[in-house]
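# Chains, contacts and geometry: an overview
Here's the letter readout for the chains.
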Amino acid sequence: MREYLKSDINLLNSTNDNLLANSGKQIRPVLSLLIARACCGAVNDNTLRYALSTELLHNATLLHDDVADASDQRRGKPTLRSIMGPEVSVLVGDYWLVSALNAIMDCDCGRDECLKLFSRTLGNLAEGEMLQLQKAENADTTMEDYLRIIYSKTGSLFVSAAKSAAISVGASDTMLEAAQQFGMNLGYAFQIKDDILDYCGDQDMGKPLGVDIQERKITLPLLGAFANAGLEKEMQIREKVKNAVPHFKEEVMAFVWEYGGVDYASAIMEEYVSKAKACLEAFPESEEKQMLGHLASYIAERNR
């Protein structure tokens with residue numbers, strides 16, 4: 001990643017170094033490396049380039065998201081937006097995105113297919129954000145809307161991470177499909193867990209609780225509470241979310257807990273974890289296959 005981010009502009013290099021020092025969990029490149037090894041027992045230079053491309057692309061979108069959401073903290077640290085301004089955050093995000101594309105272009109196995117794969121992912125990311133904004137206007141998000149949003153914003157990049165890795169080692173069609181399905185189900189579980197943590201996460205996780213509902217984003221815990229509470233109560237809460245009435249955040253969070261929204265979301269998340277683990281049957285027995293199963297479990301159990 002440092003190699004592809006290298007520039008002759010000192011300010012850009014120092015900024016990139018600071019961002020890399022707060023790099024987060026790096027689950028997506030870990031997924032890539034484990035998938036490649038589960039397929040054929042080894043990784044190669046193409047695998048590494050695709051893996052780092054997913055992480056560069058992911059962080060590029062976070063730099064842009066911090067501007068769109070006016071976020072002051074990311075991973076427990078001040079955001080680049082809050083330190084150097086939104087313009088710098090957008091520009092550095094663009095640079096990371098181009099660096100990801102440069103890494104893909106340097107690959108000599110599956111490059112064209114993976115360019116299309118990552119291109120679709122970028123389109124999905126933009127569409128997911130716009131659909132979420134559209135739905136926030138009327139607070140009318142349905143379960144179908146929610147699943148499309150979280151696939152677009154999260155699942156699609158997990159798919160790219162897993163499938164590009166399988167492509168990089170010449171995996172069979174069966175393994176390619178299994179890698180894609182594993183990434184998709186893992187992505188769903190990951191985002192659902194994030195949405196659960198917005199209602200009950202560790203206060204030290206780097207952002208306050210209730211951010212989603214404050215931004216009028218209706219996620220699975222709230223949809224689950226709607227399902228348990230009945231239509232009349234649902235419409236009352238949706239109206240309060242839509243109009244952002246005073247103290248609606250506290251009322252909505254209490255509503256979610258009263259009507260079992262977190263338990264509802266947790267049960268669906270576990271279903272996606274189970275689906276992901278079932279995909280691993282397509283791979284031969286190996287330590288990496290076991291690690292992929294552990295990764296799926298970790299996503300469900302994490303507290304930040």
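Coordinates for the structure precede this section.
A brief report on the enclosed structure follows.

Parameters at a glance
Residues numbered from 1 in each chain as written. Predicted model: local features only at pLDDT ≥ 70, side-chain atom pairs only at ≥ 80, totals over all residues. Heavy atoms only, no water. Salt bridge = Lys/Arg side-chain N within 4 Å of Asp/Glu carboxyl O. Helix = DSSP H or I, 4+ residues; strand = E, 2+ residues; numbered from the N terminus. Contact = heavy atoms within 4.5 Å. Expected span 1.5 Å × (residues − 1). Bend = angle between axes of the 7 residues up to and from the residue. Buried < 20%, exposed > 50% of the residue type's maximum accessible area, 1.4 Å probe, protein only. Core = buried A, V, L, I, M, F, W, Y, C linked by side-chain atoms within 4.5 Å.

Summed over all chains, the structure comprises 14 salt bridges. A salt bridge links D72 to R81; the shortest N-O distance between them is 2.3 Å. A salt bridge links R216 to E137; the shortest N-O distance between them is 3.7 Å. Taken together, the residues R216 in the loop between α10 (211–214) and α11 (220–229) and E137 in helix α7 (residues 111–138) connect sequence positions 79 residues apart. Residues joined by salt bridges that share partners form a network here, namely K135, D140 and D145.

It is worth spelling out unusual backbone geometry at this point. We note that A70 has phi near 55°; this positive angle belongs to a residue other than glycine. Among the structural elements, A70 can be located in the loop between α4 (45–68) and β1 (73–74). With phi around 65°, R216 is a residue other than glycine that occupies positive phi space.

Here the focus is the environment of V169. Tracing the backbone through its elements, the reader meets V169 in the loop between α8 (143–168) and α9 (173–200). When residues no more than four places from it in sequence are discounted, the contact partners of V169 are A36, C39, C40, A42, N44 and T47.

Now for α8. In a regular helix each residue adds 1.5 Å, so 26 residues correspond to 38 Å; α8 covers 35 Å between its end C-alpha atoms and thus fits that length. Its maximal kink placed at S152, α8 deviates by approximately 50°. Here α8 lies mainly inside the structure; 20 of its 26 residues are buried. Positioned one or two residues after α8, G170 has a phi angle of 65°, which is positive.

Moving on to the nonpolar core. In this structure, L31, I35, F182, I192, L222, V252 and F283 are the most contacted members of the largest nonpolar core, which totals 80 residues. Counting residues per element, this core draws most heavily on α9, at twelve residues. If we ignore the near neighbours within four places in the chain, the residues touching I192 are Y146, I150, L220, A265, I268, M269 and Y272.

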